[in-house]
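Report on the structure
Listed below are the residues making up each chain.
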Amino acid sequence: MPLDVVSEIEIARPRAEVAAYAADPDNATAWYENIEQVEWKSEKPLGAGSQVAFVARFLGRRLAYTYEVRELVPGERLVMSTADGPFPMETTYTWADAASGTRMTLRNRGEPAGFSKMAAPMMSRAMQRANRKDLARLKQIVEGGSG
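Treat the numbers as computed from the prediction; the structure is a model and nothing was measured.

1. A closer look at the overall build of the protein chain
Helices and strands together make up the secondary structure of the protein chain, namely four helices and seven strands. For the protein chain, the succession of helices and strands along the chain, N to C, is β-α-α-β-β-β-β-β-β-α-α. Since a compact globule built from 147 residues should have a radius of gyration of about 15 Å, the 15 Å found for the protein chain is in line with a globular shape. Structurally, the protein chain occupies a C-alpha span of about 40 × 35 × 25 Å along its principal axes. Taken across its 147 residues, the protein chain has 44% of its residues classed as buried. Taking the contacts inside the protein chain whose residues are at least 6 apart along the sequence as the reference set, 48% of them involve residues at least 24 apart. Of the accessible surface of the protein chain, which amounts to about 7,700 Å², a share of 50% is contributed by carbon and sulfur atoms. Averaged over its 19 positive side-chain charges, the protein chain has a centre that lies 7 Å from the centre of its 19 negative ones.

2. Notes on the pairing of strand β5 (residues 77-82)
Across the six residues of β5, five count as buried, placing the element largely inside the fold. Pairing of strand β4 (residues 61-73) with β5 involves five bridges; the strand directions are antiparallel. Bridge pairing in β5 links Glu71 to Val79. Two successive antiparallel strands, β4 and β5, enclose a turn made up of three residues, where Gly75 displays a positive phi of approximately 80°.

3. Let's talk about the side chain of Thr91
Turning to its location among the elements, Thr91 is positioned in strand β6 (residues 89-98). The class of Thr91 is buried, set by a relative accessible area of 3%. Side-chain polar atoms of Thr91 contact the side chain of Tyr67, separated by 2.5 Å. At 2.7 Å, the side chain of Thr91 forms a polar contact with the side chain of Asn108. If sequence neighbours within four positions are ignored, Thr91 has contacts with Tyr67, Leu78, Val79, Met80, Leu106, Arg107 and Asn108.

4. Topic: the pattern of salt bridges
Using the criterion set out here, one finds 14 salt bridges in the structure. A salt bridge links Arg103 to Glu8; the shortest N-O distance between them is 3.6 Å. Residue Arg103 is found in strand β7 (residues 101-110), and its partner Glu8 is found in strand β1 (residues 3-11); the two are separated by 95 residues along the sequence. Among the residues examined, Arg103 registers a relative accessible area of 29% and is labelled partly exposed. The salt bridge partner of Asp26 is Lys44, with a shortest N-O separation of 2.8 Å.

5. A few points about the sheet that holds β1
Here we have seven strands laid out as an open sheet, ordered β1-β7-β6-β5-β4-β3-β2, and antiparallel in their pairing. At either end of the open sheet lies a strand with only one pairing partner, and these are β1 and β2 (35-40). Ignoring strand direction, the axes of neighbouring strands in this sheet form an average angle of 20°. Of the pairings in the sheet, the one linking β2 to strand β3 (residues 51-58) comprises five bridges and is antiparallel in character. Counted as the bridge partner of Trp40 is Val52 from β3. Here helix α1 (residues 15-22) sits on the sheet in contact with β1, β6 and β7, set at roughly 160° to β6.

6. Notes on the packing of aromatic side chains
Using the criterion set out here, one finds six aromatic pairs in the structure. Judged by centre distance (5.9 Å) and plane angle (80°), the rings of Phe54 and Tyr67 are edge-to-face. With Phe54 in strand β3 and Tyr67 in strand β4, this pair connects stretches of sequence that are 13 residues apart. Judged by its relative accessible area of 7%, Phe54 falls in the buried class. Taken together, Trp31, Tyr32, Tyr93 and Trp95 form an aromatic cluster joined through their ring pairs.

What counts as what
Residues numbered from 1 in each chain as written. Predicted model: local features only at pLDDT ≥ 70, side-chain atom pairs only at ≥ 80, totals over all residues. Heavy atoms only, no water. Helix = DSSP H or I, 4+ residues; strand = E, 2+ residues; numbered from the N terminus. Rg over C-alpha atoms; globule rule 2.2 N^0.38 Å. Buried < 20%, exposed > 50% of the residue type's maximum accessible area, 1.4 Å probe, protein only. Contact = heavy atoms within 4.5 Å. Areas by Shrake-Rupley, 256 points an atom, 1.4 Å probe, with all protein chains shown as cover. Lys, Arg positive; Asp, Glu negative; His and termini not counted. Charge placed at Lys NZ, Arg CZ, Asp CG, Glu CD. Pairing = 2+ DSSP bridges. Polar contact = N/O pair within 3.5 Å; in protein donor to acceptor, adjacent residues only side chain to side chain. Salt bridge = Lys/Arg side-chain N within 4 Å of Asp/Glu carboxyl O. Axes fitted to C-alpha atoms, helices over the stretch in contact; angles between N-to-C directions. Phe/Tyr/Trp six-rings, centres within 6.5 Å; stacked < 30°, edge-to-face > 60°.

Spatial relationships are all this shows, so hold off on functional conclusions.
Right, dumping it as structure tokens:
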């Protein structure tokens, strides 16, 4: 069963501001509850081909993985993928103008195998909950002007 979790939120700030903050890996530990550590594996700034390593906790497990940026259109779209961790995963951020400012969409797609395949429905629900909380934290930080 493929995993495909989509979450979105409206943030009352300009799209360029929301996108710049969310797309910067150095801000990930501030708005992602489960991300504990970020390490650049390539030179800044972020662009196609950039590699960034993350250490996270999810469902009680420590996960270490390196994302590679596949596509970056500043202010519009960021696509990253990894073959590390429990299964290959692709994460996409998109930003669009909305009545109140910006609509940000966060999508995680992957193809679990082995035990992860059996646990996919539970993982999907847990990921949806985590993503909603993370986007709410991002909204609070960006709208509050702190971070």
